[in-house]
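Tertiary structure, described
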Amino acid sequence: MDSFHRFGIWVLTICLIFQSCYGFYLPGSYPHKYAVGDPLSVKVNSLTSIDTEMPFSYYSLPFCKPQEGVKDSAENLGELLMGDRIENSPYRFKMHVNESEIFLCQTDKLSGDHLKILKERIDEMYQVNLILDNLPAIRYTKKEGYTLRWTGYPVGIKVKDAYYIFNHLKFNVLVNKYEEANVARVMGTGDAAEVIPTIGKSGSEVPGYMVVGFEVVPCSVMHNADSTKNLKMYDKYPSAIKCDPTTVGMPINEGQPVVFTYEVEFEERDIKWPSRWDAYLKMEGSKVHWFSILNSLMVITFLAGIVLVIFLRTVRRDLTRYEELDKEAQAQMNEELSGWKLVVGDVFRAPSNADLLCIMVGDGVQILGMAVVTILFAALGFMSPASRGTLVTGMLFFYMILGVAAGYVAVRLWRTIGCGDYKGWVSVSWRVACFFPGIAFLILTTLNFLLWGSHSTGAIPISLYIILILLWFCISVPLTLIGGYLGAKAPHIEYPVRTNQIPREIPAQKYPSWLLVLGAGTLPFGTLFIELFFIMSSIWMGRVYYVFGFLFIVLVLLIVVCAEVSLVLTYMHLCVEDWKWWWKSFFASGSVAIYIFLYSINYLIFDLKSLSGPVSATLYLGYSLFMVVAIMLATGTVGFLSSFWFVHYLFSSVKLD
């Protein structure tokens, strides 16, 4: 009865957890209720371009500035690292109040420098990114009968050697009536407690609206600069403005000012709050080819299953035949047969550069753990596109926390290779804490100098550099040292066989072993190359990536295939009496990074044809190099740990003298 009572409590607890998750809208902030006439503020993000991949501040161009001055909005660490600079803007709306011909400002006469930079930004196809109630502005265009969706709008357009700026914006704000019954199911507690309906108040509540869409139509309209001299911001423009996106009318010339205006219209739509991001997640070109991915996963799983079955049957047959013989027959078999049984006295001989191997495995555990946990949380909705910057922030957080695992694995492996000697574990832990972060710091600093030289907002500010260094040395390093201490105190793994004093000579091979190691990376690459295309498109083409559930499946499959490939290759090397399997098992699966880097170069040549300038190409290759180093450490760690387990299991199953 007591156990049944305990079971009931557990069921109730799980139900409450699920109910709390169901009752709280995971992807993004809570619904904000606006009454008719309430002010709505539009924010601006960095100017972006897929031609240069270098973001710039919105106010680096001669745009109108807000009356209260330019102010930075609250940003998290991830936003800053991604190059986002969210600031206030002069655009002001009133909820459900349509307005037209609103004068914003008249700029000073364009100088030669301003004209030059405007032309450059137009040539490089820079987009202006506006945000309302955490929703990016979306733009619709039609091409060959298809409706295309874009985030943001271009700075301007070039027509027959003349440059035109989009100086009039037509906003269409989609709203939905605030339904308390539905909001209660979407909401949680805390900051949003005021929007949860209470008994007896529903009839007296003032009707309100929620923003569920934000559309923009940019137009180039010729304004009369003389008629706006005495106008103030938000005054009515003296004449009617016709916004036709198919025509242009405002050329930019040196010595002439630019007049900016806008209009806003509100439209009620039957779009629920949780579905307001659907328009962004259905962008043309970002739809995942579900059938292709499933087909790839099924083929790879089938091939990996065949390899695993054959491999297990071969090893099991060898072990069964060997154990059925008596001791004399076993001794005779050892003398007559070749294969993995002959390297029993050398298979656990310490590899060259054993400390470096331990360090790389420790860092690989940290990176792999960070990837698994981050993608899992993203698949559950905690790191959706609505929560800008949380994905990168979460990756940093989990990476630092998992420093404990990195230190533990590295030091315990180092002690195992050293047969239990724990002296020097502090040095190993320090190098684990500094190896991969040091590589990342070197690559990112080099790229940061390029961004600083270009005055891009993608450059990491000095203040953020200091914060990252403090996080590194004040959190990540101490946690890694704690993990190393735990690894030093934990018992090392005992080898099942003794190692001979004199190493056995490795017979000459028909083919170089490194050729097999390099070729082994093709199978893991086959599991992720389709998904890799969509990830690359998300990073470099400005598309929204949101299928983290599929990414998690691909990651799990990649781990399984890396383990299987490394096991097969290790077994093949042992069968030809090559007992130097340590580094080969690491690079057998880690070599997938080579194919990913080659794919990145292919993507640069054939998919990013418009990428302009050596600086942009250097940035792309630098970030790709950073990515493949992390992938090599993670996949190599999977291969090494699985091979280590296999070799330990194999030689502990057969007692050899």
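Treat the numbers as computed from the prediction; the structure is a model and nothing was measured.

1. Quick look at the environment of Val361
Relative to the assigned elements, Val361 resides in helix 8 (residues 354-379). In this structure Val361 touches Val409, Leu413, Phe586, Thr637, Phe640 and Leu641, once residues within four positions along its chain are discounted.

2. So, the nonpolar core
If you look at the biggest cluster of nonpolar residues, it comprises 86 residues, and the most contacted ones within it are Val347, Phe640 and Phe651. A per-element tally of this core places helix 15 (residues 548-575) first, with 15 residues. With near-sequence residues (within four places) excluded, Val347 lies in contact with Val497, Leu574, Trp579, Trp581, Trp582, Val647 and Phe651. By size, the runner-up hydrophobic cluster in this structure holds 58 residues, among which are Tyr59, Tyr153, Tyr163 and Phe214.

3. Here we look at the packing of helix 9 (residues 390-401) against helix 12 (residues 462-489)
Here helix 9 crosses helix 12 at 35°, and the two axes come no closer than 8 Å. Residue-level inspection shows Leu396, Met400 and Ile401 of helix 9 in contact with helix 12, the latter providing Leu468, Leu471, Ile475, Ser476 and Leu479. Looking at the contact of helix 9 with helix 12, its residues break down into seven nonpolar, one polar and no charged.

4. Regarding the packing of helix 8 against helix 15
Contact pair helix 8 / helix 15: the axes reach a minimum separation of 8 Å and the direction vectors enclose 150°. On the basis of the axis angle, helix 8 is roughly antiparallel to helix 15. Relative to helix 15, helix 8 is oriented so that their crossing is left-handed. Side by side, helix 8 and helix 15 meet where Leu368, Ala371, Val372, Ile375, Leu376, Ala378 and Ala379 of the first sit next to Phe548, Gly549, Leu551, Phe552, Leu555 and Ile559 of the second. Each residue belonging to the contact of helix 8 with helix 15 can be placed in one class, and the counts come to twelve nonpolar, one polar and no charged.

5. Observations regarding the confidence of the model for the protein chain
When the pLDDT values of the protein chain are averaged, the result is 82; 82% of them are 70 or greater. Within the protein chain, helix 1 (residues 2-22) has the poorest average pLDDT of any element, 39, and strand 5 (residues 127-128) the best, 96. Ignoring residues within four places in sequence, the model shows residues 181-204, a span with pLDDT below 50, making 30 contacts including any to other chains.

Basis of the calculations
- Residues numbered from 1 in each chain as written.
- Predicted model: local features only at pLDDT ≥ 70, side-chain atom pairs only at ≥ 80, totals over all residues.
- Heavy atoms only, no water.
- Helix = DSSP H or I, 4+ residues; strand = E, 2+ residues; numbered from the N terminus.
- Contact = heavy atoms within 4.5 Å.
- Core = buried A, V, L, I, M, F, W, Y, C linked by side-chain atoms within 4.5 Å.
- Buried < 20%, exposed > 50% of the residue type's maximum accessible area, 1.4 Å probe, protein only.
- Axes fitted to C-alpha atoms, helices over the stretch in contact; angles between N-to-C directions.
- Nonpolar A, V, L, I, M, F, W, Y, C, P; charged D, E, K, R; others polar.
- Parallel < 35°, antiparallel > 145°, perpendicular 65-115°, else oblique.
- Left-handed = near helix turned anticlockwise from the far one by under 90°.
- pLDDT = per-residue confidence, 0-100.

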